Amino acid sequence: MIAAAAVGLVVLSAPATELAAEVTAEVSASWAPFRNAGTADGPEPARVADAPPVAAAVPQPVVDTPVLALPVPRRLEVELPTPLVPRGRPLEVTPPPAECGGYGNPRQVPPGVVAGAGSATVSWQADGRAAVQGYRVTAVSQQLVTGEQPAPPQVTVGQRAGCGEVTATVAGLTRGVPYVFWLEEALLDDTTGVTEYVQVGWSSPVVVG
């Protein structure tokens, strides 16, 4: 009886043993990828893609920028002179009176001429300026001749004292010929001390009788 039970156990244990072996094999196969995890013989961990090398941070150079002081604009103040006359009215001025008459500037002294026989008498108002040392009268012929023109007749007179008429007579003139009489003043230059003649007037053509 006991022997029969043992034989039955052996008979029944054979399929169970095979089933246990299959289960063990399946479990071993399913755990095979994790069996050696974390051990020296286990699979190598997946490699991470190589990251680009990290460059060392270079500090930015510090530039010392000078600070320029900009000029502050200032209001320009212009002082205008006060008008001398009311608006709309011309400025009236009075020139200083002449020493011996109303000569202008540039000074004009028109002479008067009285024709004579081969001569002419020239007169004019004296110029009372201190620089005037004398006068010169030149008779310029208005009739041209062939070749070189003859030198015109001239007469010089000194300055008179005070104001009044100055007279000069020019002789040696050709009858029937018109002449223009030039009047010049002998002026003394205070800076150089030189006396020079300056033309101050002329007459209309006058025919000598």
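Definitions and cut-offs
Residues numbered from 1 in each chain as written. Predicted model: local features only at pLDDT ≥ 70, side-chain atom pairs only at ≥ 80, totals over all residues. Heavy atoms only, no water. Pairing = 2+ DSSP bridges. Helix = DSSP H or I, 4+ residues; strand = E, 2+ residues; numbered from the N terminus. Axes fitted to C-alpha atoms, helices over the stretch in contact; angles between N-to-C directions. Salt bridge = Lys/Arg side-chain N within 4 Å of Asp/Glu carboxyl O. Buried < 20%, exposed > 50% of the residue type's maximum accessible area, 1.4 Å probe, protein only. Phe/Tyr/Trp six-rings, centres within 6.5 Å; stacked < 30°, edge-to-face > 60°. Lys NZ or Arg CZ within 6 Å of the ring centre and 35° of its normal. Core = buried A, V, L, I, M, F, W, Y, C linked by side-chain atoms within 4.5 Å. Contact = heavy atoms within 4.5 Å.

Asks: Looking at this structure, I do not really get the sheet that holds strand E5 (residues 165-171). What am I missing?
Replies: Overall, antiparallel pairing links the three strands, which are arranged E1-E2-E5 in an open sheet. At either margin of the open sheet sits one strand with a lone partner, and together these are strand E1 (112-115) and E5. Between one strand axis and the next, the sheet turns through 20 degrees on average, direction left out of account. Relative to E5, strand E2 (residues 119-125) is paired through seven bridges, and the arrangement is antiparallel. Residue pairing for E5: serine 123 is matched across the bridge by threonine 167.

Asks: Looking at this structure, I do not really get the pattern of salt bridges. What am I missing?
Replies: Pairing between side chains of opposite charge can happen when their charged atoms approach one another. Tallied over the full model, the rule gives three salt bridges. One salt bridge in this structure joins arginine 129 and aspartate 127, with 3.1 Å as the shortest N-O distance. Measuring nitrogen to oxygen at the nearest pair gives 3.0 Å for the salt bridge that ties arginine 129 to glutamate 185. Of this pair, arginine 129 sits in the loop between E2 and strand E3 (132-141) while glutamate 185 sits in strand E6 (residues 178-188); the two residues are 56 residues apart in sequence, bridging distant segments of the chain. Taking the relative accessible area as the measure of exposure, glutamate 185 reaches 1% and is therefore buried.

Asks: Quick question: what am I supposed to make of the packing of aromatic side chains here?
Replies: Centre distance and the angle of the planes are the two values used to describe a pair of aromatic rings. What the rule picks out here adds up to two aromatic pairs. A centroid spacing of 6.4 Å and a plane angle of 35 degrees characterise the contact between tyrosine 179 and phenylalanine 181, whose relative ring orientation is tilted. You'll find tyrosine 179 and phenylalanine 181 in the same group, each marked buried. Geometry around tyrosine 197 places arginine 136 over its ring, the cationic atom sitting 4.0 Å from the centre.

Asks: Can you walk me through the pairing of E3 in this structure?
Replies: Walk down a regular strand and you will see the side chains alternate between the two sheet faces. Of all ten residues that make up E3, eight are buried, and the element is covered over most of its length. Pairing geometry for E3 and E6, over nine bridges, is antiparallel. The residue of E6 that forms the bridge with serine 141 is tyrosine 179. Pairing analysis gives five bridges linking E3 to strand E4 (residues 154-158), with the strands arranged antiparallel.

Asks: Mind showing me how you'd approach the nonpolar core here?
Replies: A general feature of soluble globular proteins is that nonpolar side chains tend to end up buried together. The biggest cluster of nonpolar side chains holds 22 residues, and the ones touching the most others in it are Trp124, Val137, Leu173 and Phe181. When contributions to this core are tallied by element, the ones reaching two or more residues are E2, E3, E5 and E6. Residues contacting tryptophan 124, with those up to four places away along its chain left out, are Val109, Pro111, Tyr135, Val137, Val157, Gly164, Glu165, Val166, Ala168 and Leu183.

Asks: What am I meant to see in the pairing of E6 here?
Replies: A large share of E6 lies buried, amounting to eight of its eleven residues. Of the pairings in the sheet, the one linking E6 to strand E7 (residues 195-202) comprises seven bridges and is antiparallel in character. Paired with glutamate 184 across the two strands is glutamine 199, which belongs to E7. What sits between the antiparallel neighbours E6 and E7 is a turn of six residues, in which glycine 193 has the positive phi angle 75 degrees.

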